[in-house]
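One letter stands for each residue in the lines below.
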Amino acid sequence: MILIKDGGVATPLGFQTAGINIDIKGTGSTKKDYGLLISDVPCQVSATFTKNKVKAAPVIYDMKLLDEQSDFYGIIVNSGNANACTGKKGYDDTKEICKKAENILKLPDNSLLMASTGVIGVNLPTEKMLQFVNKLVENLDDEDSNFSESILTTDTKPKKLAVLVETENGAFVVGGVAKGAGMIAPDMATMLAFITTDALIDKKIQDEALLSAVENSFNSITVDGDMSTNDSVFLFSNGMSGIDVNHGNNYELFTEALNFVCSELAKMIVKDGEGATKFITITVKNAKSYDDAKKCAFKIANSPLCKTMFFGSDPNWGRLMATIGASMVEFNEDNVDIYFDNLKYVTNGTLIDTKLEDKAYEIMKKNKFTITIDLKMGNSSKTVYTCDFSYDYVKINADYRT
């Protein structure tokens with residue numbers, strides 16, 4: 001794989017994007033908040049959505065269309081307004097905006113999807129959005145910067161990358177952009193991700209590849225443990241490279257590239273977590289089952305006590321032990337080992353030596369470190385990514401609507 005400088009969703013053959021400012025929140029903001037991703041030819045689309053029982057209108061709209069068909073030309077995106085808890089009007093607004101864009105682009109009906117992110121419980125400024133669809137289309141190009149900026153909310157920076165994969169028969173590209181900084185939790189961590197590829201792949205295989213990639217990336221991160229109403233990950237494939245990735249080595253190269261792009265985007269989300277100062281990897285190993293490993297890792301990653309401990313660089317291993325117990329997984333506290341990076345700090349449930357505290361403190365002062373929990377119960381493991389809770393997290397969320 002070759003990492004493409006400044007690459008993103010527009011990097012694979014046949015994709016274009018646009019991003020403009022129309023002040024969707026109506027606050028006088030000059031940030032871009034209206035985006036469009038389009039393919040020159042029909043795309044197969046695979047997607048995963050939030051498991052929250054309260055789903056935003058565009059999520060409901062997309063799920064319905066994806067149940068009925070698999071080919072689309074692209075997606076409209078807005079930030080500043082989630083179009084969630086807006087009832088039938090929210091659904092109708094989504095449909096009307098998509099239809100207007102389809103007409104302008106001379107595309108078939110129901111060939112565009114939509115994604116929204118922002119404040120919940122507020123109707124879209126639909127008339128304004130309809131008015132600016134023409135401008136959105138006029139701004140289409142093969143760059144990624146405008147689109148990647150248009151999807152941001154409390155993010156401090158765009159998140160994008162693309163990789164070139166060489167095969168015996170030629171090359172294909174996998175690119176992606178994502179947004180997310182708060183309301184990030186597993187089960188489709190507010191988070192949006194758009195992945196594109198010009199590889200040629202069967203729909204069923206594409207669906208399976210995306211589900212696997214999401215489990216080990218976007219479903220393996222947490223910022224604050226809160227699940228959004230809008231979380232969505234889309235994979236668009238248009239086959240324009242002509243490289244078949246359905247079998248053998250090409251399939252392995254494709255899944256490797258897809259996993260890499262999803263994983264890196266997911267890590268970017270955690271690193272840009274609201275108020276975050278540290279990126280922490282939590283690994284639980286030798287659990288009795290994968291479910292136990294995942295449950296334990298996320299219990300630590302979501303614990304306010306642990307996350308404030310990370311912020312304060314306090315190697316308070318007692319908090320870790322208590323949180324492991326609160327995860328309700330099977331283990332024996334007298335067998336647990338705990339590591340800070342490569343420093344073994346706890347063995348068989350007890351502190352090895354109080355003199356190690358200074359070393360653990362120095363590790364936790366870094367902006368990136370790993371905590372490993374060895375449960376010694378089996379052979380299953382899980383790694384998740386999280387960040388600390390700082391004073392700024394409270395400030396950002398206390399002032400979110402103002």
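These remarks concern the structure in this document.

Rules used throughout
- Residues numbered from 1 in each chain as written.
- Predicted model: local features only at pLDDT ≥ 70, side-chain atom pairs only at ≥ 80, totals over all residues.
- Heavy atoms only, no water.
- Axes fitted to C-alpha atoms, helices over the stretch in contact; angles between N-to-C directions.
- Helix = DSSP H or I, 4+ residues; strand = E, 2+ residues; numbered from the N terminus.
- Left-handed = near helix turned anticlockwise from the far one by under 90°.
- Contact = heavy atoms within 4.5 Å.
- Nonpolar A, V, L, I, M, F, W, Y, C, P; charged D, E, K, R; others polar.
- Phe/Tyr/Trp six-rings, centres within 6.5 Å; stacked < 30°, edge-to-face > 60°.
- Lys NZ or Arg CZ within 6 Å of the ring centre and 35° of its normal.
- Buried < 20%, exposed > 50% of the residue type's maximum accessible area, 1.4 Å probe, protein only.
- Pairing = 2+ DSSP bridges.
- Core = buried A, V, L, I, M, F, W, Y, C linked by side-chain atoms within 4.5 Å.
- Arc of directions from axis to C-beta.

### Some words on the packing of helix α1 (residues 57-68) against helix α2 (residues 87-104)
The interhelical angle for the contact between α1 and α2, taken along N-to-C directions, is 65°, at an axis separation of 8 Å. As for how α1 packs across α2, the hand of that crossing is right-handed. Facing A57, P58, I60, Y61 and K64 of α1, the residues of α2 in contact are G90, Y91, T94, K95 and C98. For the contact of α1 with α2, the per-class residue count stands at six nonpolar, two polar and two charged.

### Points about the packing of aromatic side chains
Within this structure, the stated rule accounts for nine aromatic pairs. We note K271 situated over the ring of F279; from NZ or CZ to the ring centre the distance is 5.1 Å. Directly above the aromatic system of F389 lies the positively charged group of K307, at a separation of 4.8 Å from the ring centroid.

### A word on unusual backbone geometry
At C85, a residue that is not glycine, the phi angle is positive and equals roughly 60°. Checked against the element boundaries, C85 lands in the loop between β4 (71-81) and α2. Overall, C85 belongs to the exposed group, its relative accessible area being 52%. Even without being a glycine, N110 presents a positive backbone phi close to 60°. Its location among the elements puts N110 in the loop between α2 and β5 (112-119).

### A short note on the sheet that holds strand β14 (residues 368-374)
Strand order in the open sheet made by the six strands is β13-β12-β11-β14-β10-β15, with mixed pairing throughout. Looking at the sheet topology across the chains shown, the edges are occupied by β13 (350-351) and β15 (380-387). Inspection of the sheet shows strand β11 (residues 337-340) paired to β14 by four bridges, in the antiparallel sense. Across the sheet, the residue bridging to F340 is I371, located in β14. Packing of helix α10 (residues 317-326) onto the sheet brings it into contact with β11, β12 (343-347), β13 and β14, and relative to β11 it is tilted by some 130°.

### So, the nonpolar core
In terms of nonpolar packing, the biggest core is built from 48 residues, with Y34, I75, I76, F194 and F234 touching the most fellow members. Top contributing element to this core by residue count: strand β3 (residues 34-49), with seven residues. Beyond its immediate sequence surroundings of up to four residues, I75 is in contact with G35, L36, L37, L112, L113, M114, A115, F194, F234 and F236.

### Remarks on helix α9 (residues 304-311)
The set of residues buried in α9 consists of C306, K307, M309 and F310. Down the axis of α9, the sector holding all buried residues measures 155°, keeping them to one side. Away from its buried face, by an angle of more than 90 degrees, α9 presents the exposed residues P304 and L305. Where α9 terminates, the next one or two residues include S313, which has phi positive at roughly 55°.

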